[in-house]
Amino acid sequence: MRVVFHDYIYYIVFCALTGLLTLTACTQQPTNVADSDALPAVFPDYVGVTIPVGIAPMNFSMSDDAYTRMDVEVRGSRSGSMHVNGSYADFDIDEWHQLLEANRGGTLSFTVCALKDGQWTRFKTFKMKVSTAPLGEWGVTYRRIAPGYSIYGQMGIYQRDLSTFSEQPLIESSQSPGMCVNCHTANRASNERYVFHVRGEHGATVICKDGNDELLKAQNDQLGGSMVYPYWHPGGRYCAFSTNKTAQMFHTANNKRIEVYDTASDVFVYDTEKHQILNDSLIMKEQWAENTPAFSPDGKWLYFTTALRQDYPHEYDKERYSLCRVAFNEATGRLGTAVDTLVNARLTGKSVTWPRPSYDGRYVMYTQADYGYFSIWHPESDLWILDLTTGESHPLDDANSRRADSFHNWTTNSQWFLFTSRRHDGLYSHLYFACMKADGKATKPFLLPQRNPKRYYRESLFSFNTPDFVADPVKPHARKMGKLIEDKQRLETQLIQMEKGR
């Protein structure tokens, strides 16, 4: 018993010393610091970005793993400061928000000391600008999906609080075997009115209006396809869709991995009250592929892209979409009689996809690529802006990168936008945010903040796509939705033929 007692005492002393050493290591302060004229190479690259008040803490690490410790001092240009010390910069959420609020319209200065091979280095101070432009939205929604190509895997639609790191599932593929969920689209960031599509054995188009869920039959036989790529009319009664016969193939020699194209596609408007598909021959032409619709913020125009159909798959890289619009009458649900071409692919030699009008009516943001419309797989795809007051377009150079920059959406105040980009590693699409300046240019984008960003983005095997802002959290009812999808009951839709807008 005496040996056991002594062993116990030694164990207690050992644990105390270990805890003391660990505590000392965790609070290690910089000593014998060497100054550097270089800016710190941090991940994510938050140097010089513009951020909104209310955004989650912009935690970061040193890009070089050889740095084992950081000591970061943050000072506001107007008032306040923060200090963190650890393996990465992990800011307290409440203190961070207080500091941003106190420095609205000012700057935050970050002084980074980092430890490598026993030597502390103090780097040149870098700044973040705190914008006066409010974000205006609670959070974002997005689909997370592994970049698989032939079978369904784990995926889901999620919502994320932009002021914290909290994420919730709205629907996950595990709730119905073989289910693929995509294209979650809200009406002007509404948490009460949205639509998404389900593929697989229990396929459906799910429409939520003011808390009521309707599951439409996934495919209308008269239409010849399913309802995809939705965009709501601001009034909430109508929703524009495209119907697509999609195919994919793989590259073997160039810098692209996969090619997605449509052998046929059309655009139509769906009446959610009458459950009618309004088929207008003006924008459903046999020799043309209409795609990616979007309503103007006043509801008077329907934007879409269109391309002359090619001989698929041989001439897939000759398909180039133009940006067009046609008048829309909310009272009757009918289109106008003429189509305007806003960006002509025959003149630019490029292809337009994913038009998204700003809610203030000034801009249309779109993605431009060499050909086709599935821009997330095109490294050359960039974000462009069409100024509706001048009719001129220009690339968002400060937001674009050398890799695929694509699917984008606006905040309802039209001052911020998000988009997906593969700039980090060329493999996974991640979410970036930027502010639109008064001159039509963008601020430097910043990556969606995470608690431990280096660990999160290294360990994540999922891409983010079809993101959008949401004004308030969607009431999570994933289990209920899973049961509805498993149920075979579906509403039928009726196709109404209209001729040339009449």
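Notes on the structure follow. What you are looking at is a predicted structure, and each value in this text was computed from that prediction instead of being measured. (Residues numbered from 1 in each chain as written. Predicted model: local features only at pLDDT ≥ 70, side-chain atom pairs only at ≥ 80, totals over all residues. Heavy atoms only, no water.)

A short note on the overall build of the protein
Here is step 1: The number of helices and strands found in the protein is five helices and 36 strands.
Here is step 2: Across the 502 residues of the protein, 53% fall into the buried class.
Here is step 3: Within the protein, contacts between residues separated by at least 24 positions form 58% of all contacts whose residues are at least 6 apart in sequence.
Here is step 4: Total accessible area computed for the protein in this model is approximately 22500 Å², and 50% of it derives from carbon and sulfur atoms. (Helix = DSSP H or I, 4+ residues; strand = E, 2+ residues; numbered from the N terminus. Buried < 20%, exposed > 50% of the residue type's maximum accessible area, 1.4 Å probe, protein only. Contact = heavy atoms within 4.5 Å. Areas by Shrake-Rupley, 256 points an atom, 1.4 Å probe, with all protein chains shown as cover.)

With respect to the pairing of strand E9 (residues 126-130)
Here is step 1: Taking every second residue as pointing to the same face, the buried face of E9 carries Phe 126, Met 128 and Val 130, while none of Lys 127 and Lys 129 on the other face is buried.
Here is step 2: Pairing of strand E3 (residues 50-51) with E9 involves two bridges; the strand directions are parallel. Bridging across to E9, Thr 50 finds its partner in Lys 129.
Here is step 3: Sheet analysis places strand E7 (residues 107-116) next to E9, joined by four bridges and oriented antiparallel. Looking across to E9, one finds that Phe 110 is bridged to Phe 126. (Pairing = 2+ DSSP bridges.)

Quick word on the side chain of Thr 121
Here is step 1: Turning to its location among the elements, Thr 121 is positioned in strand E8 (residues 119-122).
Here is step 2: By relative accessible area, which is 16% here, Thr 121 ends up buried.
Here is step 3: In this view, Thr 121 contacts Val 33, Ala 34, Ser 36, Val 112, Cys 113 and Ala 114; residues no more than four positions away in its chain are not counted.

Some remarks on the layout of surface pockets
Here is step 1: Space inside the second largest pocket adds up to approximately 400 Å³.
Here is step 2: For the second largest pocket, the lining is made up of 19 residues, of which Trp 288, Thr 306, Ala 307, Leu 308 and Ser 322 are closest to its centre.
Here is step 3: With four residues, the top contributor of residues to the lining of the second largest pocket is strand E24 (residues 301-308).
Here is step 4: In terms of residue class, the lining of the second largest pocket is made up of nine nonpolar, five polar and five charged. (1 Å grid on protein atoms, 1.4 Å probe; cavity = no way out; pocket = protein on both sides within 12 Å on 5 of 7 lines; lining within 4 Å. Points joined across faces, edges and corners; volume = space filled by probe spheres on them. Nonpolar A, V, L, I, M, F, W, Y, C, P; charged D, E, K, R; others polar.)

Thoughts on the packing of aromatic side chains
The geometry of an aromatic ring pair is captured by the separation of the ring centres together with the interplanar angle, meaning the angle of the planes.
Here is step 1: By the definition in use, this model includes 28 aromatic pairs.
Here is step 2: Seen from their ring centres, Tyr 229 and Trp 354 are 5.1 Å apart, and the 90 degrees between their planes marks the pair as edge-to-face. Of this pair, Tyr 229 sits in strand E19 (residues 228-232) while Trp 354 sits in strand E27 (residues 351-357), and the two are 125 residues apart along the sequence. Neither Tyr 229 nor Trp 354 differs from the other in exposure class; each is buried.
Here is step 3: Ring pairing ties together the aromatic residues Tyr 229, Tyr 321, Trp 354, Tyr 373, Phe 374 and Phe 407, which thus form one cluster.
Here is step 4: In this structure, Arg 144 is placed above the aromatic ring of Phe 462, and the distance from its NZ or CZ to the ring centre is 5.7 Å.
Here is step 5: Sitting over the face of the ring of Trp 301, Arg 325 holds its NZ or CZ atom 3.9 Å from the ring centroid. (Phe/Tyr/Trp six-rings, centres within 6.5 Å; stacked < 30°, edge-to-face > 60°. Lys NZ or Arg CZ within 6 Å of the ring centre and 35° of its normal.)

Focus on the nonpolar core
In summary, soluble globular proteins display a tendency toward joint burial of nonpolar side chains.
Here is step 1: In this structure, Phe 60, Val 72, Phe 91, Trp 96, Phe 110 and Phe 417 are the most contacted members of the largest nonpolar core, which totals 91 residues.
Here is step 2: For this core, the element with the highest residue contribution is strand E33 (residues 430-435), accounting for five residues.
Here is step 3: Counting 19 residues, the second-largest nonpolar core is a separate cluster that includes Met 155, Ala 186, Leu 215 and Met 481. (Core = buried A, V, L, I, M, F, W, Y, C linked by side-chain atoms within 4.5 Å.)

Details of empty space enclosed by the protein
Here is step 1: Per the stated rule, a full pass over the model turns up two cavities of 30 Å³ or more.
Here is step 2: Those elements giving two or more residues to the lining of the second largest cavity turn out to be strand E22 (276-280) and strand E26 (334-343).
Here is step 3: Partitioning the lining of the second largest cavity into residue classes produces four nonpolar, one polar and two charged.

Thoughts on the sheet that holds E24
Here is step 1: Spatial strand order, E23-E24-E25-E26: four strands in an open sheet with antiparallel pairing. The strands lining the two open edges of the sheet, one partner per strand, are strand E23 (288-295) and E26. With direction set aside, neighbouring strand axes in the sheet form an average angle of 30 degrees.
Here is step 2: Both E24 and strand E25 (residues 322-329) contribute to a ladder of six bridges, which runs antiparallel. Bridge pairing in E25 places Leu 302 opposite Val 326. (Axes fitted to C-alpha atoms, helices over the stretch in contact; angles between N-to-C directions.)

Thoughts on the sheet that holds strand E32 (residues 416-421)
Here is step 1: Across the sheet, which stays open at both edges, the four strands sit in the order E31-E32-E33-E34 with antiparallel pairing between neighbours. On the outer flanks of this sheet lie strand E31 (405-410) and strand E34 (446-447), each paired with one strand and no other.
Here is step 2: Sheet topology note: the E31/E32 ladder contains four bridges and is antiparallel. Counterpart to His 408 in the pairing with E32 is Phe 419.

Structural notes on the pattern of salt bridges
Here is step 1: Within the structure shown, the criterion is met by 19 salt bridges.
Here is step 2: Measuring nitrogen to oxygen at the nearest pair gives 4.0 Å for the salt bridge that ties Lys 217 to Glu 492. Here the residue Lys 217 occupies a position in strand E16 (residues 212-217), and Glu 492 occupies one in the loop between helix H5 (478-486) and strand E36 (494-498), the gap between them amounting to 275 residues.
Here is step 3: A salt bridge links Arg 237 to Glu 273; its shortest N-O distance comes to 3.5 Å. Of this pair, Arg 237 sits in the loop between E19 and strand E20 (238-250) while Glu 273 sits in the loop between strand E21 (258-271) and E22, placing them 36 residues apart in sequence.
Here is step 4: Under the relative-accessibility criterion, Arg 237 is labelled partly exposed at 22%.
Here is step 5: Overlapping salt bridges bring together Asp 65, Lys 454 and Arg 458 as one network. (Salt bridge = Lys/Arg side-chain N within 4 Å of Asp/Glu carboxyl O.)

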